[in-house]
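Summary of structural features
Single-letter residue listing:
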There are 4 protein chains.
Amino acid sequence: MPRHLTENSPRTAPPEARRRQLIDATVTVISRHGIPGTTLTAVTREAGLSLGLVNFHFRNKDTLLAETLKFLAQEHRALWMRKTARTDLAPAEKLRAIIEAQFHPRICNRKKLAVWFAFFGDTTHRKSYRDISAGIDVERQEICAELCRAVIQEGGYHGICAEDVAATLEGLFDGLWLNILMYPDRFTRGAAHRRVLSYLALAFPRHGAWSAPAEAAQ
Amino acid sequence: MPRHLTENSPRTAPPEARRRQLIDATVTVISRHGIPGTTLTAVTREAGLSLGLVNFHFRNKDTLLAETLKFLAQEHRALWMRKTARTDLAPAEKLRAIIEAQFHPRICNRKKLAVWFAFFGDTTHRKSYRDISAGIDVERQEICAELCRAVIQEGGYHGICAEDVAATLEGLFDGLWLNILMYPDRFTRGAAHRRVLSYLALAFPRHGAWSAPAEAAQ
Amino acid sequence: MPRHLTENSPRTAPPEARRRQLIDATVTVISRHGIPGTTLTAVTREAGLSLGLVNFHFRNKDTLLAETLKFLAQEHRALWMRKTARTDLAPAEKLRAIIEAQFHPRICNRKKLAVWFAFFGDTTHRKSYRDISAGIDVERQEICAELCRAVIQEGGYHGICAEDVAATLEGLFDGLWLNILMYPDRFTRGAAHRRVLSYLALAFPRHGAWSAPAEAAQ
Amino acid sequence: MPRHLTENSPRTAPPEARRRQLIDATVTVISRHGIPGTTLTAVTREAGLSLGLVNFHFRNKDTLLAETLKFLAQEHRALWMRKTARTDLAPAEKLRAIIEAQFHPRICNRKKLAVWFAFFGDTTHRKSYRDISAGIDVERQEICAELCRAVIQEGGYHGICAEDVAATLEGLFDGLWLNILMYPDRFTRGAAHRRVLSYLALAFPRHGAWSAPAEAAQ
DNA sequence: CATGAATGAGTCTTCATTCAT
DNA sequence: AATGAATGAAGACTCATTCAT
């Protein structure tokens, strides 16, 4: 008997639920087998649904992949937007919030990192990533730059450029992610988090509290 | 008429030349179409050779990919080994040499970056990358750490850990590479190079000459 | 227009029907072109189905071949089991039934003989044949031996061993099949049948009625 | 260094020696991997020669196979001709000589049996076998029939037909060979030999000495 | 005579997509 | 909405054959 009939999902479900079910399965399968190994058969089996459904809820495989990426991008963006949009936090606190989002366990785990790097892996998907995420990436970097500018002003730092720090942070984010993905034994989420804060402590030494939160110190 | 007869390559060439010819074509094709798009047909067409030759000179596609990666890894390693192996250079100079190698035009161009990130893109090739390059990556990071240790001693720096700087550098290397690959308009090789040197200037301020060489300032 | 739409088979058929359709086509193609010549393209074209269907209903070519052999082995076994399982027949009658099965037109025709000998033809398929049919072959030989033992007891024959007669029969079965396959002009099914009965008439002369049935005398 | 240069065969050898070397290798490879598995690469490697030589000494693969079969057929024929051509032997003795040839260790071993049955395995090679061996097979059967006729006359046997015995013998020969090839544990050369003699003892009881020779009794 | 690199047609197999039910 | 059998294009790989050396 097909798995979906023995489980909690009814035979007909609201489209959004099915779409989400398929996206979750897609994330899982991509993380395990990469994009070329992400066959529709594998995705639907993972989701406990029938093969034909993908074509029904998404037009085709490319759309499924794009929607999956969109979902992850939004999930990530929402995490740092929650804090940076607040008016009661200091720039340095917001900067820390962005970094925390970057290394939040819901975002920075090998399953999801694998999906991001799957999209970085070839021209076609890189283009797709750009279409979907370039705006968010630019947005985050601009917010970072703006926050750095405020921090520099506050601290009266000289010889350091906000845009440069923001760009360096972007680089660190991606590179540390890659290290965690490639060599999980030598690079951990907590260490990566602390490393970024150490960098900011070097850049903005008079903003003392760059030490990592207990949560991420594990 | 087969292309190779119209060009300069003779009908039979020394094995190493053919292997190199195929590896070069593989780099080109991976950079254009990613690993899944790297069909043997595409590689041999790019090389101007016949389909069957891949399985003659390499056992199969996987071996071709592995040999291609090995070639790139060695090419990269050779570049920084040339300087770090010398005894007449100061630690800081060697550190700079490693960074220069990282952003050398022969290494850090979109074509070759695309190949690296192609291998990072899915589990299978990530494993293959690890088998081939983990040793080199660890070696480079250890050399960096050792050089940092020497620099720290020389400069009498406090509150900074050599291993940490080395790990941060690794992260920066990869992340800046990815940024160059993803957004070539916003991130350039020269800027990335300068950014890493800026980081070292923050970490080791008393080793003054971290400014980028004119060559990389373009 | 695909052939299956112009014929009586519907677009989707019960799995067992499709499997049988493909097995029948496989028998035909093996008999015509041998196992090496049995390409999936040839089989599906013969069945009037599309190439991909073989890997859908059977996992791969090897499985298709094994299932084809299983089908033939069962078909053959069923034929002699029908009679040897009965309790109202005398041993000699059962022995005759086995021989009749061996040379029954549904079994002993050049098309099916060609399939058997295709499997005998190389180590790989010989092994596959053994996995599938050794049990049936042993079973038949043991039943033959047991029946011979009963006949020997009934007839009070001396100087003849049941196991030996059974083994000789096995040899005759296979060898006469091969002769029919190789030289159909010089060796016919009927003559082969009569020849085996002649052998039994020599071995068990007091069980008179070993003459061939009219049916097989053609 | 190529194997052939390290062994006793010189770089250039008389054509006949090379041909024989290749035929021997072909027998070995067919017996191990069947005809489809008999690639020219495998044959030449087995012979310790270079790939191109096959094309030089034989026109192509088909010719190599045909020549191999011819060689085996002649080897077999020579064995029984040696005795049947003599004028000083009694018919029954000649009959025994043919049977001995059939189960001679040089002929009846799994390696060579595998080659015969490889040729029986598909239409194409069956045709090739017929072209090469039909004459020899008919010749042997006719000689057998003639010898049987003489024996029948000598013994004054009734109710038995020489042609029939000869045909039954042909069947037994092939079938017992197949049994030895398929189930070497249950069917041995010696037992097969004895079984044929037992059959003749039944057919021609007054020609007492049908018991197996010591040599074949192992 | 001998070599073995090079060629390319032909196989099996995978998988996105379609569509009758 | 949902199913999954069916299709066929495309890919990796094999191997007989050719031919320059």
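Residues numbered from 1 in each chain as written. Chains lettered and ligands numbered in written order. Predicted model: local features only at pLDDT ≥ 70, side-chain atom pairs only at ≥ 80, totals over all residues.

Let's talk about the overall build of chain A
Convention followed: Per the convention used, a helix needs a DSSP run of H or I reaching at least four residues, while a strand needs a run of E reaching at least two, with both numbered from the N terminus. The exposure label follows from counting other C-beta atoms within 10 Å of a residue's C-beta, where the C-beta atoms are placed from the backbone and the thresholds are 20 or more for buried and 12 or fewer for exposed, leaving partly exposed in between. Our contact criterion uses C-beta atoms placed from the backbone: two residues qualify when those atoms are within 7 Å.
Along its length, chain A carries ten helices and zero strands. Taken from N to C terminus, the helices and strands of chain A fall in the order α-α-α-α-α-α-α-α-α-α. Summarising its shape, the C-alpha atoms of chain A cover approximately 65 × 35 × 35 Å along the three principal directions. Here chain A, with 218 residues, has 41% of them falling under the buried criterion. Across chain A, every contact between residues at least 6 apart in sequence was considered, and the portion connecting residues at least 24 apart equals 60%.

Thoughts on the interface of chain D and chain C
We apply this condition: Polar here means any residue outside two lists: the nonpolar Ala, Val, Leu, Ile, Met, Phe, Trp, Tyr, Cys and Pro, and the charged Asp, Glu, Lys and Arg; Gly therefore counts as polar.
Contacts between the two partners involve 33 residues from chain D and, on the opposite side, 34 residues from chain C. Among the elements of the structure, helix H2 (15-33), helix H7 (110-120), helix H8 (123-155), helix H9 (162-182) and helix H10 (189-203) of chain D are those that each provide at least two residues to the side of chain D that touches chain C. By residue number, the principal contributor to the side of chain D that touches chain C is H9(D), which donates 13 residues. Taken together, the residues of the side of chain D that touches chain C sort by class into 14 nonpolar, eleven polar and eight charged.

Quick word on the relation of the copies chain B and chain A
Note the cut-off: Least-squares superposition aligns the copies on the C-alpha atoms of those residues with pLDDT at or above 70 in both.
Aligned on chain A, chain B shows an RMSD of 0.1 Å; the corresponding rotation is 180 degrees and the shift along the axis is 0.1 Å. On this basis, the relationship between the two copies can be described by a two-fold rotation axis. Nearest to the rotation axis, the C-alpha of B:Gly175 is located 1.8 Å from it, this being the minimum over chain B. Take the interface residues of chain B: 100% of them recur as interface residues in chain A, which is what a same-surface contact looks like.

Some words on the nonpolar core
As a reminder, the rule being used: A set of buried Ala, Val, Leu, Ile, Met, Phe, Trp, Tyr and Cys residues, joined to one another through C-beta atoms within 7 Å, is what we call a nonpolar core.
Counting residues in each nonpolar core, the largest one holds 114 residues, and the members touching the most others are C:Leu113, C:Trp177, C:Ile180, C:Leu181, C:Val196, D:Leu22 and D:Val196. Beyond its immediate stretch of four places on either side in the chain, C:Val196 contacts C:Ile99, C:Leu169 and C:Leu172.

Focus: helix H6 (residues 91-102) of chain D
Residues and elements named next belong to chain D. Put simply, the test is: Expected span, for any helix, means 1.5 Å times one less than how many residues it has.
In this model H6 runs 17 Å from its N-terminal to its C-terminal C-alpha over twelve residues, within 8% of the 16 Å that 1.5 Å per residue would give. Of all twelve residues in H6, nine are buried, a share of seventy percent or more. Listing the buried residues of H6 in full gives Ala92, Lys94, Leu95, Arg96, Ile98, Ile99, Glu100, Ala101 and Gln102. At its buried positions, H6 is contacted by helix H5 (61-84), H8, H9 and H10.

Some remarks on the environment of D:Asp164
Inspection of the secondary structure assignment puts D:Asp164 in helix H9. Residue classification places D:Asp164 among the partly exposed residues on the basis of 17 C-beta atoms within 10 Å. Along the primary structure D:Asp164 and D:Ile143 are separated by 21 residues, whereas in three dimensions their C-alpha atoms are 13 Å apart. Among residues more than four places away in sequence, those in contact with D:Asp164 are C:Arg195 and C:Ser198.

Describing the domain arrangement of chain A
Residue and element names in this part refer to chain A. Condition: Domain delimitation in this document rests on an assignment produced automatically or drawn from a domain database.
Splitting chain A by domain gives domain 1 (1-58) and domain 2 (69-206). If you average the C-alpha positions of domain 1 and of domain 2, the two centres end up 31 Å apart. Taken together, the six residues of domain 1 in the interface contact seven residues of domain 2. Of the residues in the side of domain 1 that touches domain 2, the class split is four nonpolar, two polar and no charged.

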